[in-house]
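One letter stands for each residue in the lines below.
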Amino acid sequence: MPKYPVKYKGKNVKNKEGQQKYRVFVSYTCNETGEHKKLSQVVFGQEDAKTVERNFEKGK
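Conventions and cut-offs
All residue numbers refer to position in the chain's written sequence, counted from 1. Two thresholds apply to this predicted model, a pLDDT of at least 70 for residue-level local features and 80 or more for giving and counting side-chain atom pairs, whereas whole-chain, interface and lining totals are computed over all residues. Here the side-chain values reflect all heavy atoms present in the structure, with hydrogen atoms and water set aside. Per residue, pLDDT measures the predictor's confidence, with a range of 0 to 100. Strands are runs of DSSP state E lasting at least two residues, helices are runs of H or I lasting at least four, and both sets are numbered from the N terminus onward. Between two residues, a contact is recorded if the distance between any of their heavy atoms is within 4.5 Å. Buried residues are those whose accessible area, probed at 1.4 Å on protein chains only, stays under 20% of the maximum for their type, while exposed residues exceed 50% and partly exposed ones sit between those limits. Within 3.5 Å is the distance limit for a polar contact, defined as a pair of N or O atoms, with the added protein rule that one can donate a hydrogen and the other accept it, and that residues adjacent in sequence qualify only through two side-chain atoms. Being paired, for any two strands, means DSSP has found at least two bridges between them. As used here, the term nonpolar core means buried Ala, Val, Leu, Ile, Met, Phe, Trp, Tyr and Cys residues forming a set that is joined through side-chain atoms within 4.5 Å.

J.: Explain the confidence of the model for the protein to me, please; I cannot follow it from the model alone.
T.: As a general rule, the predicted coordinates of low-pLDDT regions are not to be interpreted in detail. Mean pLDDT over the protein stands at 81; residues scoring 70 or higher make up 92%. Across the protein, the secondary-structure element scoring lowest on mean pLDDT is strand 1 (residues 3–5), at 72, and the one scoring highest is strand 5 (residues 36–44), at 85.

This is how it looks when you write it as structure tokens:
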């Protein structure tokens with residue numbers, strides 16, 4: 001499950017506290033319908049990105 005630093009005009013995007021902005025992606029196939037689904041979430045800070053990543057893995 002990838003997490004990507006968000007960039008705008010080639011520069012990293014950070015909040016006022018200096019934390020990097022990350023976008024976390026997950027794609028999966030629904031067992032019941034066979035549909036391909038994608039989820040994404042934007043968070044600030046690498047620790048929050050890792051937490052979101054773990055939560056997506058648990059929810060699969």
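The structure having been displayed, the exposition proceeds.
J.: How do you make sense of the side chain of Gln-20 when you look at a structure like this?
T.: Relative to the helices and strands, Gln-20 is located in the loop between strand 3 (11–12) and strand 4 (21–29). Not counting residues up to four positions away in its chain, the partners in contact with Gln-20 are Pro-5, Val-6, Asn-12, Val-13, Lys-14, Val-43, Phe-44 and Gly-45.

J.: Explain the environment of Glu-35 to me, please; I cannot follow it from the model alone.
T.: Examined against the element boundaries, Glu-35 turns out to sit in the loop between strand 4 and strand 5. When its relative accessible area of 44% is taken as the criterion, Glu-35 is described as partly exposed. Of note is the side chain of Glu-35, whose polar atom sits 3.3 Å from the side chain of Thr-33.

J.: Sorry if this is basic, but what is going on with the pairing of strand 5 here?
T.: Residues in a regular strand project their side chains so that they alternate between the two faces of the sheet. Where strand 4 meets strand 5, nine bridges bridge the pair, whose relative direction is antiparallel. Within strand 5, the position partnered with Arg-23 by the bridge is Val-42. Remark: six residues form the turn of the hairpin made by strand 4 and strand 5, two consecutive strands paired antiparallel; Gly-34 in that turn has positive phi of roughly 80°.

J.: Looking at this structure, I do not really get the nonpolar core. What am I missing?
T.: Here is a general trend for soluble globular proteins: nonpolar side chains tend to be buried in one another's company. Among the nonpolar cores identified, the biggest contains seven residues, and these are Tyr-22, Val-24, Val-26, Val-43, Ala-49, Val-52 and Phe-56. Listing elements by their share of this core, those giving two or more residues are strand 4 and helix 1 (46–59).

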